Amino acid sequence: MNDTDTQEQEVVVQDTDNVVIRIQHLKKSFDDNEVLKDINLELHKGENVVVLGRSGQGKSVTIQCIAGLMLQDEGSLEVLGKEVKEMTRDEIREMRIRVGFLFQSGALYDSMTVKENLSFPLTRVLKLKDKQEIEKRIHESLESVGLEDAIDKYPSDLSGGMRKRVGLARTLILRPEIMLYDEPTTGLDPITSREISELIVALQEKYDTSSIIITHDMSCARITADRIVVMNEGKYIATGTYDELTRSPDELVHNFFK
Ligand SMILES: Nc1ncnc2c1ncn2[C@@H]1O[C@H](COP(=O)(O)OP(=O)(O)OP(=O)(O)O)[C@@H](O)[C@H]1O
Ligand SMILES: [Mg+2]
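Residue positions are counted from 1 within each chain, in the order its sequence is given. Here every chain gets a letter starting at A, and every ligand a number starting at 1, in the order they are written. Predicted model: local features are reported for residues with pLDDT of at least 70 only, side-chain atom pairs are reported and counted for 80 or more only, and whole-chain, interface and lining totals are derived from all residues.

A. Representation of the overall build of the chain in the model. Segments assigned H or I by DSSP are reported as helices when at least four residues long, segments assigned E as strands when at least two residues long, and all are numbered from the N terminus. When helices and strands are counted, the chain shows ten helices and ten strands. The globule rule is 2.2 Å times the number of residues to the power 0.38, and the radius of gyration it is compared with is taken over C-alpha atoms. Whereas a compact globule of 258 residues would reach a radius of gyration of roughly 18 Å, the chain reaches 20 Å, a difference of no more than 12%. With the C-alpha coordinates aligned to their principal axes, the bounding extent of the chain is approximately 70 × 50 × 35 Å. Here the chain, with 258 residues, has 34% of them falling under the buried criterion. Counting only contacts in the chain whose residues sit at least 6 apart along the sequence, the fraction spanning at least 24 positions is 66%. Residue burial here comes from a neighbour count, namely the number of other C-beta atoms, placed from the backbone, that lie within 10 Å of the residue's own C-beta, with 20 or more meaning buried, 12 or fewer meaning exposed, and in between meaning partly exposed. Throughout, a residue-residue contact means that the two C-beta atoms, derived from backbone geometry, are no farther apart than 7 Å.

As structure tokens, this is what we get:
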């Protein structure tokens, strides 16, 4: 008798619980460098989660796996209800439109003006042809980061903070549902850094996105986080609000909040 033949197929009702990213037991090594040992995380709709952790702990590797830029060795990673490793190439492409990624470096094209940098994802990724629609979207996204005057400038003519804003505008122009920020304030002075952090919160409210924000900048963490997770040696070792973690008895966690 074959059990599986006679068993009624159970209808699996996916309990999404407003979870937009679900990571379970994620593992990733590079040769014998075991970087992610057991990562577990749920990101809920509308939530901003900040990931803290010392350099080289695998924070960037984690979000590269989420964006489908790197494949995990083990574990499950669901983005917007779908397992990333099971996605077809087209599904990955579609997912990357719905999930915006602000790279650690900003990654603007230096030989293109701000306007050209912003029209690139619209024409290349979304394949938009309507010139008016393209113009409208460019102006709208520059307005949302307060940089309309920079439209014809080249990245080299902009300050670090302005380049971050353009990077943000270029990611937002695809109207993502989830934003992944890799150190959005690194290299900025405290005041500009604060402005960018406040902008992240304002944009999250305006577009109703959910975000994962990797940062070393505690002021950015305090401003942006609904919840913070602390990463160490390939695992998340603590989670809580900024205030909760400030009172953590764990020395490693405590060190971040000193
Ligand atoms: N493509 C790769 N090939 C081999 N090793 C890699 C690769 N990407 C990352 N690593 C290694 O994985 C580890 C974690 O790197 P990752 O960039 O995720 O650290 P991080 O926590 O983001 O650090 P930082 O705060 O400095 O940005 C490092 O030891 C790094 O050398
Ligand atoms: Mg990194």
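B. Quick peek at the site of ligand 1. Only the C-beta atom matters for nearness: placed from the backbone, it must lie within 6 Å of the molecule or strand for the residue to count as near. As a matter of local geometry, ligand 1 sits amid Phe30, Asn33, Val35, Gly53, Ser55, Gly56, Gln57, Gly58, Lys59, Ser60 and Val61. Among the secondary structure elements, those contributing two or more residues to the shell around ligand 1 are β2 (33-44) and α2 (59-66). Examining the composition of the shell around ligand 1, we find that three residues originate from one element, α2, more than from any other. Residue polarity is assigned by list, with Asp, Glu, Lys and Arg as charged and Ala, Val, Leu, Ile, Met, Phe, Trp, Tyr, Cys and Pro as nonpolar; anything else, Gly included, falls into the polar class. Residues of the shell around ligand 1, tallied by class, amount to three nonpolar, seven polar and one charged.

C. Highlighting the pairing of strand β1 (residues 19-30). Sheet analysis places β1 next to β2, joined by eight bridges and oriented antiparallel. Its bridge partner being in β2, Leu26 is matched across the sheet by Ile39. Between β1 and the antiparallel strand that follows it, β2, lie two residues; Asp31 among them carries a positive phi value of about 50°. Two strands pair under a simple rule: DSSP has to find at least two bridges between them. As paired strands, β1 and strand β4 (residues 74-79) are joined by five bridges and run antiparallel to one another. From the neighbouring strand, Ile21 faces β4, where its bridge partner is Val79.

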